[in-house]
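Understanding the architecture of this molecule
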Amino acid sequence: MKPRFTKTSLSYWSLAGSWFCSLTLSTSLQAAAYIPASEQTVVAVLPNYLQANSEAIRSFKRVLEQDPYSLEANVGLARLYIELGRSEADPRYYGYAETVLQPWWTEATPPPEVLLLRATLRQHQHDYAAALQDLKQLVRLQPNSSQGWLTLAVVQWVQGDYSAARKTCNALLTQASTWYGSLCFSQVLSFTGDAERAYALQASLLPSFNQNSLELQQWVTTNLAEIAWRLGKLSLAEEHFQQALAIKRRDNYLLRVYSDFLLSEQRPQEVLTLLKDKGSDDALLLRLALASQQAQQTKQTQAYRHQLEARYEAARLRQSSLHRRDEALYLLSFAGDSKQALALAQANWAEQKEAEDTTLLLRAALANQDWVTARKVQVWLAQTEQQDARLQALLVQIPVEQTL
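These notes cover the structure that comes with them. Sequence order as written defines residue numbering, which begins from 1 separately in each chain. Only residues with pLDDT of 70 or above have their local features reported here, since the model is predicted, and side-chain atom pairs are shown and tallied only from 80 upward, although totals for entire chains, interfaces and linings are computed over all residues. Working from all heavy atoms in the structure, the side-chain values ignore hydrogens and water.

1. What about the pattern of salt bridges?
Just to be clear on terms, a salt bridge is a Lys or Arg side-chain nitrogen sitting within 4 Å of an Asp or Glu carboxyl oxygen. All told, the structure shown has 24 salt bridges when counted by the stated rule. R58 is the salt-bridge partner of E55, the closest N and O atoms lying 3.0 Å from each other. Pair noted here: E55 and R58 are both in helix α2 (residues 48-66), with a separation of three residues, about one helical turn. Only protein chains enter the accessibility calculation, which uses a 1.4 Å probe. A residue is then buried if its area is under 20% of the maximum for its type, exposed if over 50%, and partly exposed in between. Given the relative accessible area of 42%, E55 is considered partly exposed. In this structure, R311 and D282 form a salt bridge, with 2.6 Å as the shortest nitrogen-oxygen distance. Residue R311 is found in helix α17 (residues 298-317), and its partner D282 is found in helix α16 (residues 282-294); the two are separated by 29 residues along the sequence. On the basis of relative accessibility, which here comes to 9%, the residue R311 falls in the buried class. A relative accessible area of 2% places D282 in the buried class. Linked through salt bridges whose partners overlap, the residues forming this network are R256, D260, R287, R325, D326, E356 and D357. Strands here are runs of E lasting at least two residues and helices are runs of H or I lasting at least four, both read from the DSSP assignment and numbered beginning at the N terminus.

2. Overview of α17
For α17, built from 20 residues, the straight-helix expectation of 28 Å at 1.5 Å per residue is met to within 8% by its first-to-last C-alpha distance of 29 Å. The set of residues buried in α17 consists of T301, Y304, R305, L308, R311, Y312, A314 and A315. Downstream of α17 by a residue or two, Q319 has a phi angle that is positive, lying close to 55 degrees. The length a helix should cover is 1.5 Å for every residue beyond the first.

3. Regarding the state of the cysteines
A pair of cysteine sulfur atoms is labelled a disulfide when the two atoms are within 2.5 Å. Inspection of every chain in the model, using the stated rule, returns one disulfide. Between the sulfur atoms of C169 and its disulfide partner C184 the distance amounts to 1.9 Å. With the S-S bond torsion at -70 degrees, the cross-link from C169 to C184 turns out left-handed. Of the two residues, C169 sits in helix α9 (residues 162-175) while C184 sits in helix α10 (residues 178-191), which places them 15 residues apart along the sequence. With a relative accessible area of 0%, C169 lands in the buried category. Looking at C184, the relative accessible area reads 0%, which means it is buried.

4. Quick notes on the packing of α9 against α10
At a minimum axis distance of 8 Å, the contact between α9 and α10 shows a crossing angle of 165 degrees. On the basis of the axis angle, α9 is roughly antiparallel to α10. In the crossing of α9 with α10, the sense of the turn from one axis to the other is left-handed. Taken together, the residues of α10 that come into contact with α9 (itself represented by Y162, A165, R166, C169, N170, L172 and L173) are T178, Y180, G181, S182, C184, F185, V188 and F191. Amino acids are sorted into nonpolar (Ala, Val, Leu, Ile, Met, Phe, Trp, Tyr, Cys and Pro), charged (Asp, Glu, Lys and Arg) and polar (every other residue, Gly among them). Residue composition of the contact of α9 with α10, by class: 10 nonpolar, four polar and one charged. Axes here refer to lines fitted to C-alpha atoms; in helices the fit is confined to the stretch in contact. Angles between the N-to-C directions go from 0 to 180 degrees. Working definition: roughly parallel below 35 degrees, roughly antiparallel above 145 degrees, roughly perpendicular at 65 to 115 degrees, and oblique for all remaining angles. Whether a crossing is left-handed or right-handed is set by the direction in which the near helix is turned from the far one by less than a right angle, anticlockwise for left-handed and clockwise for right-handed. It only takes one pair of heavy atoms within 4.5 Å for two residues to be counted as in contact.

Right, here's the structure in full:
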């Protein structure tokens, strides 16, 4: 089975669904129950993604009615819910998956299948310490698990722990899969001063894909686009983004990062077209707001802003920290609250250090003339030998006496 990948800048929790459900519930309690006139009355039409997966969900539930502790059915249903949550940016499905795994959720040594799914959910919640613990336990139990090793490396490089990620890639290479080990190493190389070599290595892997590995093919193609972008090769990045989009599966991370690319190139209309009807994902809604602002569509920008502010408020009420990066970008772009943006960007960077997180923190530090934080980022970039042409315009803004 091909591994599933969780990209932290890919999967941010959208609170739109849960916020709307809460609002609907509070009002519906005051209304009389609706009783259809006949069994033929259509009460609601399921979304396409639920129609497509409804039989699989019912099948798992039928098994669980007979055997609530069926490991195969619980794992299968939880995996399906996670995929739905990821593809539809709907946080409720991650909650459903966690509920399905409740019989093993607090166990110190659950079955390996549960360890992987529990780690995936914990990573999605930014509970990286617990996710790492689960994944390390998984690869001890199953040292030949390519998916376990690669997911462990993903969490490590998202946190900027490239030394640990390199060791994990080496273990993957020697204990599980040379092919996946090479892919793993190439990602670490792309973050640690050898992006050109990483690009060449990943490009060499593309011809080996087939129609049964579309998710993996899209992931690698998106990686190539991002590496090319960081190297300043814009036409090449555009080519890879288009190749990734041509693969017929929705990937919200791809949509988000390509939208950022288009915005950096002053192409807001293309963003508005690309993300039409995709505002249920909070990160994509923010890109719609940024694109409408760039396109000088004042009325539409205001509408997007109202939606975003409601969602961020809902996140705060639920004590969720999953919106920190997006809210910091929102505050820098619209609200003019650079101080709060910096606080959120710092808290976010303490958890994860992908290129987007680093760029955001540097922007916020410069907006506040916080040279201590700006220099901290600069030192980290030098230590890790990060290659990112996009950061140069920001780094030159640090006063000479504050630079390295």
